[in-house]
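A structural walkthrough
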Amino acid sequence: MRIRTTAALAVACGAAALTWVAVPVATAADAPASVRPWQLAGASADGSARTATTATAKQPYPLAVTFSKVKVASGKSAVSVGTDAIVHVSYSFNLTATNVDVSAPDFFVGLDLYRGSATKPTSDLYGDQPATCDVTSSESSYEKVVTGMSCKGKVDIYPRSDLHNADAGAKWHAVAWAIAYNGQKPGDPADVSKIGTAELAGQASPTVRRLSKLTTNAAPEPVRKGKTLTVTGALTRANWDTHKYAGYTGQKVKLQFRKKGTSTYTTLKTISTDSHGNLRTTYKATTDGYWRYSFAGTTTTPAVSATGDFVDVK
């Protein structure tokens, strides 16, 4: 378990306690993670309300905020994550707030990525900080004030604590959310029903893939024309359970060649990785050029091509 700064819901002494502080975030082996802002009032995958946990418990009220144009990772279909480096996934959306003080210091908006159902997600990815927003429009009348905003932020993925191999290639959704504390103390609100929340769940999200690596070595170097080259390599990918890179076994990989002075690789043959992810094949050398292996990728693992290994043919 690690500590991250987040907006979360804790239940203590029978009263809901909302807080934007450092809170523990559970991994799969721990207790369930703290409830996120978009779960406070309840939401289904289509953004509709869900039944409260208890009929008598006080609940936040529905905040008059709507969301549109939700986009994650600039619309990319997937993001790749290794074993250690934090990956920052950008997002943006527009919101319209009616009779909401969007300038209040305790008004926050953001976006999460979740796997599974919105009512009971199996995984949740989110940012260390809330989104930042710019006011794009404001209309006032006797009855209401309507404010339009453009918001952007980042989901921060920590592979060592956020991900497990089962998350790779699975279906993810995005949920945009807003929360107004309205002067209530975040760590110990006197009346949780005075806190407003809004959310839009079930939005498009990229999948998360296990970062791949591929190497190539052609030998001997140099080689005589017409002699046989032995080309070795290895295909590995991030293992989010062990936090190491391991061989990707039984995968088809192309052996490719680019003649010196050209820019295009040509596929010569296709072979498969062995039980350790290793590659080995032979080919006759006819001219100077670059040799490499290329992997097309799978639903869980991105495509990758090795750096070309130059061989001088005598």
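Up top is the structure.
Treat the numbers as computed from the prediction; the structure is a model and nothing was measured.

Take the overall build of the chain next. Within the chain, the secondary structure is distributed over one helix and 22 strands. Contacts in the chain between residues at least 24 apart in sequence constitute 67% of all its contacts with a sequence separation of at least 6. Accessible surface, the chain: about 15700 Å² in total, of which carbon and sulfur atoms supply 52%.

Structurally, the position occupied by asparagine 165 is in the loop between helix H1 (159-162) and strand S11 (172-180). A polar side-chain atom of asparagine 165 sits 3.0 Å from a polar atom in the side chain of aspartate 241.

Take the sheet that holds strand S3 (residues 61-62) next. Pairing in this open sheet of five strands is mixed, and the strands run S3-S12-S11-S7-S8 from one edge to the other. A single partner strand is all that each edge strand has here, and the edge strands are S3 and strand S8 (121-125).

This part covers the side chain of glutamine 184. By the secondary structure assignment, glutamine 184 is in the loop between S11 and strand S12 (196-204). You can call glutamine 184 buried: its relative accessible area is 12%. Among the polar contacts listed, one links the side chain of glutamine 184 to the backbone nitrogen of aspartate 191, at a separation of 2.7 Å.

Counting residues in hydrophobic clusters, the biggest one holds 39 residues, and the most contacted among them are Val65, Phe93, Leu95, Phe107 and Leu111. Going through the elements one at a time, strand S4 (65-72), strand S5 (78-81), strand S6 (87-98), strand S7 (107-116), strand S10 (145-157) and S11 are the ones with two or more residues in this core. A total of six residues in this core trace back to one element, the largest contributor, which is S6. Every residue in contact with leucine 111, bar those within four places of it in the chain, is listed here: Val70, Val72, Tyr91, Phe93, Tyr126, Val155, Ala174, Val175, Ala176 and Trp177. Residues Leu229, Ile271, Ala285 and Tyr293 belong to the second largest nonpolar core, which totals 20 residues.

The rules we used
- Residues numbered from 1 in each chain as written.
- Predicted model: local features only at pLDDT ≥ 70, side-chain atom pairs only at ≥ 80, totals over all residues.
- Heavy atoms only, no water.
- Helix = DSSP H or I, 4+ residues; strand = E, 2+ residues; numbered from the N terminus.
- Contact = heavy atoms within 4.5 Å.
- Areas by Shrake-Rupley, 256 points an atom, 1.4 Å probe, with all protein chains shown as cover.
- Polar contact = N/O pair within 3.5 Å; in protein donor to acceptor, adjacent residues only side chain to side chain.
- Pairing = 2+ DSSP bridges.
- Buried < 20%, exposed > 50% of the residue type's maximum accessible area, 1.4 Å probe, protein only.
- Core = buried A, V, L, I, M, F, W, Y, C linked by side-chain atoms within 4.5 Å.

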